[in-house]
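# A structural walkthrough
Listed below are the residues making up each chain.
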Amino acid sequence: MHDKSISELAAGLRAREFSSVELTRHYLQRIARYDGRLNSYITVCEERALEQAAAADRALAAGDAVSLTGIPLAQKDIFCTDGVKTSCGSRMLDNFIAPYDAGVVERCDAAGMVMLGKTNMDEFAMGSSNETSWYGPVRNPWDTDAVPGGSSGGSAAAVAACLAPVATGTDTGGSIRQPAALCGITGIKPTYGRVSRWGMIAFASSLDQGGVMARSAEDAALLLKVIAGFDERDSTSADRDVPDYSAALNRDLAGLRIGLPREYFTDGLDTGVARVIEEAISEYRKMGAEVREISLPNTELAVPTYYVIAPAECSSNLSRFDGVRFGYRCSDPADLEDLYKRSRGEGFGAEVKRRIMVGTYALSAGYYDAYYLKAQQLRRLIRDDFARAFEEVDVIMGPTSPTVAFNLGEKSDDPVAMYLSDIYTIAVNLAGLPGISVPAGFVSGRPVGLQIIGNYFAEERLLNVAYRFQQATDWHRRIPEEFRG
Ligand code: GLN
């Protein structure tokens, strides 16, 4: 069953070929059998999942099921889940049982979906390799010596190894698209404001956006329809209708104008990855798309701009973890000062501390203008680059990541090398645009992702462009050998 798309699984449920309880048991068994190898889940919710599945079976029998009723999914452990541990990959929240559900979780529940568990992630979503998790690294199902990418590495590995048919992720600087690319799955980061941030633990609020990690654009369209939409509890939520993403998937691409940013095809790009991307682009040419070179001149400023803005916002967001109200508290504090210092010192890992320090520095009096304000000005220039490009083209394409998955430990001592692995994804968050990563081939047995960037609220278009590629290729159907059976 685990090689089926979620629309096939939904059809199977409706035709009574299997029940949601059977389907859920199948995935729980796969997790028990394989996840020791991958570490993709922090929490598996066996009992809760089987209860939800039984309820879904009743809804199916009563005829009040909606499109994804009874379909299992995994939630990234950044989304608050009522009564279930929500750790955000951190020791700080290892003891935190959320008292309410995130907006995204509410919507999945309301659609009758079954939550298998909570997936591993970089601590507070800070990382590109899943190695900053308090729960240990996740391994890439295509090669267990390799990282799965991050920060949504647990969701990516779980979907790639068929330990969940579909999962949620969040993307602040690439955390859906980059792990999707490195694990050979499809990941969409919607326009900023499309998916509610209510109950999604904040990292950098002006950049954070929830989205979908799936095996195909077809599956991603179905789950995005469930989780997208206005939420008045999120002050930056977009109050606009959610289209039926599945309806437009098969639209013809003749005349589609594709822009290839010259700045994305330079020295830093691995030659094997470049070849795979060129082949993917020629598929689009065959479909009648027009391909032209464009320029995003401020591309090289994206990483430094992000590494001022994201730490600044995180230093403010993470100040709530003080050892007093919730989360980790040190033992036997001498006084209040000691309580704060040791709770934070012991509760946070090295990468999180590094960012809090950088961010606090950038926001401090006397440096604010030099760093934070400057970064905001650069952010505007980066956004303007895209606005100009979208006057000429419908979508922008390029690699999601400059290399395939690297080995565990390879970059963990070199933060700058790690930061550069998001060079093609970060500008999209700074501009607030939607982007999708689609499996496009392999280099040395490790997957390559094609990134497609669209204009604001062009998710429908992105899914259509991705879907047509997946009709012409079968990269998205491959399952790593070890996890096939
Ligand atoms: N890798 C980037 C970072 O470390 C992006 C993370 C993300 O998108 N959450 O901040």
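## Considerations on helix H4 (residues 103–110)
Of all the residues in H4, the buried ones are Gly103, Val104, Val105 and Cys108. Once H4 ends, the next one or two residues include Gly112, with phi positive near 80°.

## Brief notes about the nonpolar core
Counting 146 residues, the largest nonpolar core has Phe124, Leu223, Tyr284, Phe386, Met397, Ile452 and Leu463 as the members making the most contacts within it. Counting residues per element, this core draws most heavily on helix H9 (residues 302–317), which supplies nine residues. Ile452 has contacts with Tyr284, Val395, Ile396, Met397, Pro434, Gly435, Ile436, Val438, Leu462, Val465 and Ala466, leaving out every residue within four places of it along the chain. With seven residues, the next largest nonpolar core counts Ala146, Val147, Leu182 and Ala405 among its residues.

## Things to note about the side chain of Asn429
Structurally, the position occupied by Asn429 is in helix H14 (residues 426–431). For Asn429, a relative accessible area of 1% gives the class buried. With residues up to four places along the chain from it excluded, the contact list for Asn429 reads Asp171, Thr172, Gly173, Gly174, Arg177, Lys189, Leu207 and Arg379.

## Brief notes about the layout of surface pockets
Each pocket or cavity is described by its volume, and for the largest pocket that value is around 350 Å³. If you go around the largest pocket, you meet 15 residues; those closest to its centre are Tyr100, Met200, Ile201, Ala202 and Arg320. Here the residues of the lining of the largest pocket sort into ten nonpolar, three polar and two charged.

## What about the environment of Ala362?
Here Ala362 is to be found in helix H11 (residues 350–363). In this structure, the C-alpha to C-alpha distance between Ala362 and Ala375, residues 13 residues apart in sequence, is 10.0 Å. Beyond its immediate stretch of four places on either side in the chain, Ala362 contacts Val308, Tyr367, Tyr368, Tyr371 and Tyr372.

## Things to note about the site of the ligand
In the vicinity of the ligand there are 15 residues, among which Gly173, Ser175, Tyr306, Arg355 and Asp422 approach most closely. Within the backbone of Gly127, one N or O atom sits 2.9 Å away from an oxygen atom of the ligand. Starting from 290 Å² of accessible surface for the ligand in isolation, the protein chains cover 100%. Of the pockets mapped on this structure, the ligand occupies the largest cavity.

## A few points about the side chain of Ser128
Topologically, Ser128 is positioned in the loop between strand S3 (114–119) and helix H5 (153–160). Judged by relative accessible area, which is 2%, Ser128 ranks as buried. Within the structure, the side chain of Ser128 is placed 2.9 Å from the side chain of Asp422, a separation counted as a polar contact. Each residue touching Ser128, except ones within four places of it in the same chain, is listed here: Asp122, Gly149, Gly150, Gln178, Phe406, Met418, Ser421 and Asp422.

## Quick word on empty space enclosed by the protein
Under the defined criterion, the tally for this structure stands at five cavities of 30 Å³ or more. Its volume calculated, the largest cavity comes out at about 70 Å³. Lining the largest cavity are 14 residues; nearest its centre among them are Gly127, Ser175, Tyr306, Tyr307 and Asp422. Of the residues assigned to the lining of the largest cavity, the class counts are six nonpolar, six polar and two charged.

Thresholds, definitions, all that
Residues numbered from 1 in each chain as written. Predicted model: local features only at pLDDT ≥ 70, side-chain atom pairs only at ≥ 80, totals over all residues. Heavy atoms only, no water. Buried < 20%, exposed > 50% of the residue type's maximum accessible area, 1.4 Å probe, protein only. Helix = DSSP H or I, 4+ residues; strand = E, 2+ residues; numbered from the N terminus. Core = buried A, V, L, I, M, F, W, Y, C linked by side-chain atoms within 4.5 Å. Contact = heavy atoms within 4.5 Å. 1 Å grid on protein atoms, 1.4 Å probe; cavity = no way out; pocket = protein on both sides within 12 Å on 5 of 7 lines; lining within 4 Å. Points joined across faces, edges and corners; volume = space filled by probe spheres on them. Nonpolar A, V, L, I, M, F, W, Y, C, P; charged D, E, K, R; others polar. Near = heavy atom within 4 Å. Polar contact = N/O pair within 3.5 Å; in protein donor to acceptor, adjacent residues only side chain to side chain. Areas by Shrake-Rupley, 256 points an atom, 1.4 Å probe, with all protein chains shown as cover. Sits in = over half its atoms within 2 Å of the grid points.

Read these as spatial facts, not as claims about activity.
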